[in-house]
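# Coordinates in review
These are the residues of each chain, in order.
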Amino acid sequence: MGAEFIGTLGLVLGGCGAAVLAADFGTGANRTSLGLGYVGVSLAFGLTVLTGAYALGHIVGAVLVYLIAGTPDIDGSEAGAFAANGYGDLSPNGSGVGTAFITEVVMTAMFLIVIMGATARKAAPAMGGLAIGLMLTLIHLISIPVTNTSVNPARSTSQAIFAGGDYIPQLWLFWIAPILGAVIGAVIYRVLLGDEEDLAV
């Protein structure tokens, strides 16, 4: 749990921090937002004990970004504020709730399939990080214009806490869609792709 907390904190600080600090707050500054931890992944693997470490790591990381950025004036009605996730007026390209929901479900499912495959017993251990990292890059290229990329409820919550305003009522989507996507990804992997050695664990 300590490793998950420290790792998640660092990823929020580095990813969302880069988005917030790279330029002015607003649409342009937040298109490189990254945030890992993936509560959905932990739920799909049944490791729910890690959820608290993920969430706490994200929140502390967001606090550090907020302090480092000099406690900026954040507009909770502006798309991309504080690297937060949103749909409609809070989407970088104005994508509606349906588009945002489908995007988050599909992206999370794809990510989970890659994670499970890259960490399988027969997978090459040295290539797991590369496969997962490249998949995450692809996910961001696809979904940043749509939702500013969540695929992670804790990542969305930590940024929405500070962005405030209209981001808080939209958090439901960024909890339900990634968790649903993680479950779908796990089922697809188990039924179609999983090896007997992995499924027996």
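Starting afresh in each chain, residues are numbered from 1 along the sequence in its written order. Under the rules for a predicted model, residues below a pLDDT of 70 receive no local features and side-chain atom pairs below 80 are neither given nor counted, while totals for whole chains, interfaces and linings still include all residues. The basis for every side-chain value is the complete set of non-hydrogen atoms in the structure, without hydrogens or water.

Moving on: the overall build of the protein. Secondary structure elements follow DSSP: runs of H or I of four or more residues count as helices, runs of E of two or more count as strands, with numbering from the N terminus. Secondary structure summary: the protein contains eight helices and zero strands in total. Long-range contacts, defined as pairs at least 24 residues apart, comprise 75% of the intrachain contacts of the protein with a sequence gap of at least 6. Using a 1.4 Å probe, the Shrake-Rupley method yields the accessible areas, and only the shown protein chains count as cover for residues. In the structure as shown, the protein presents an accessible area of about 8,800 Å², 69% of it carried by carbon and sulfur atoms. We call two residues in contact whenever any of their non-hydrogen atoms come within 4.5 Å of each other.

A separate point is unusual backbone geometry. Across the chain, the bulk of peptide bonds are trans and the bulk of non-glycine residues have phi less than zero. Notably, asparagine 148 is not glycine yet its phi reads approximately 75°, a positive angle. Counting through the fold element by element, asparagine 148 comes out in the loop between α5 (128-147) and α6 (153-163). Its relative accessible area of 1% is what places asparagine 148 among the buried residues. Three labels apply to residues, based on accessible area from a 1.4 Å probe with only protein chains included: buried if under 20% of the type maximum, exposed if over 50%, partly exposed otherwise in between.

Patches were defined on residues exceeding 30% relative accessible area and lacking a salt bridge, with like-charge contacts within 9 Å and nonpolar side-chain contacts (Val, Leu, Ile, Met, Phe, Trp, Tyr) within 5 Å. Basic side-chain nitrogens of Lys or Arg form a salt bridge, by our definition, when they fall within 4 Å of a carboxyl oxygen of Asp or Glu. There is a patch of nonpolar side chains on the surface, built from Leu180, Val183, Ile184, Val187, Ile188, Val191, Leu192 and Leu193 and spanning about 690 Å² of accessible area. Examined against the element boundaries, valine 191 turns out to sit in helix α7 (residues 171-193). Residue classification places valine 191 among the exposed positions, given a relative accessible area of 62%.

Before going further, it helps to examine the nonpolar core. In terms of nonpolar packing, the biggest core is built from nine residues, these being Ile74, Ala81, Phe82, Ala84, Leu90, Ala160, Ala163, Tyr167 and Leu171. Setting aside residues no more than four positions away along its own chain, leucine 171 makes contact with Ser156, Thr157 and Ala160. By convention a nonpolar core is built from buried Ala, Val, Leu, Ile, Met, Phe, Trp, Tyr and Cys residues, the set being connected through side-chain atoms within 4.5 Å.

Before going further, it helps to examine the packing of helix α4 (residues 97-118) against α5. Convention adopted: a line fitted to C-alpha atoms gives each axis, helices being fitted over their contacting stretch, and angles between N-to-C directions are expressed from 0 to 180 degrees. Taken N-terminus to C-terminus, the directions of α4 and α5 make an angle of 175°; their axes are 9 Å apart at the nearest point. Classified by the interaxial angle, the pair formed by α4 and α5 is roughly antiparallel. Contact residues: Thr99, Ala100, Thr103, Glu104, Met107, Met110, Phe111, Val114, Ile115 and Ala118 in α4; Gly128, Ala131, Ile132, Met135, Leu136, Ile139, Ile142, Ser143, Val146 and Thr147 in α5. Taken together, the residues of the contact of α4 with α5 sort by class into 14 nonpolar, five polar and one charged. Reported orientations rely on four angle classes, namely roughly parallel under 35 degrees, roughly antiparallel over 145, roughly perpendicular from 65 to 115, and oblique for the rest. Residue classes follow a fixed rule: Ala, Val, Leu, Ile, Met, Phe, Trp, Tyr, Cys and Pro count as nonpolar, while Asp, Glu, Lys and Arg count as charged, and any other residue, Gly among them, counts as polar.

The next thing to look at is the confidence of the model for the protein. Low-pLDDT portions of the prediction should not be read for the details of their coordinates. Confidence scores labelled pLDDT are given residue by residue by the predictor and lie between 0 and 100. Here the protein averages 75 in pLDDT, while 65% of its residues score no lower than 70. The least confident element of the protein, judged by mean pLDDT, is helix α2 (residues 39-44) at 50; the most confident is α4 at 93. Residue range residues 23-39 is modelled with pLDDT below 50. Its contacts to residues more than four positions away, or to other chains, number 65 contacts. In the predicted structure, residues 44-49 sits below a pLDDT of 50 and forms ten contacts with residues beyond four places in sequence or in another chain.

For the rest of this paragraph, the subject is the environment of alanine 109. Mapped onto the fold, alanine 109 is located in helix α4. Linking alanine 109 and proline 178, residues 69 residues apart in sequence, is a C-alpha distance of 7.9 Å. For alanine 109, the residues in contact, after removing those within four places along its chain, are Gly181, Ile184 and Gly185.

The next thing to look at is α6. Here α6 lies mainly inside the structure; nine of its eleven residues are buried. All of the buried residues in α6 are Pro153, Ala154, Arg155, Ser156, Thr157, Ser158, Gln159, Ala160 and Ala163. You can read the cap of α6 off the contacts: a side-chain oxygen lies 3.0 Å from the backbone nitrogen of alanine 154, and it is on asparagine 152. Glycine 164 occupies a position one or two residues after α6 and carries a positive phi of about 65°. The term polar contact refers here to a pair of N or O atoms within 3.5 Å; inside protein, the definition further demands a hydrogen-donor-capable atom paired with an acceptor-capable atom, and it admits residues adjacent in sequence only when both atoms are side-chain atoms.

What follows deals with the environment of threonine 99. Mapped onto the elements, threonine 99 comes out in helix α4. Residues threonine 99 and threonine 147, spaced 48 residues apart in sequence, show a C-alpha to C-alpha distance of 9.1 Å.

Attention now goes to the packing of α4 against α7. In contact at an axis separation of 7 Å, α4 and α7 are set at 40° when each is read in the N-to-C sense. Considered as vectors, α4 and α7 are oriented oblique to each other. Seen along the crossing, α4 lies across α7 with a hand that is right-handed. Considering only residue class, the contact of α4 with α7 consists of 21 nonpolar, four polar and one charged. Note on convention: near helix rotated counterclockwise from far helix by under a right angle means a left-handed crossing. Clockwise means right-handed.

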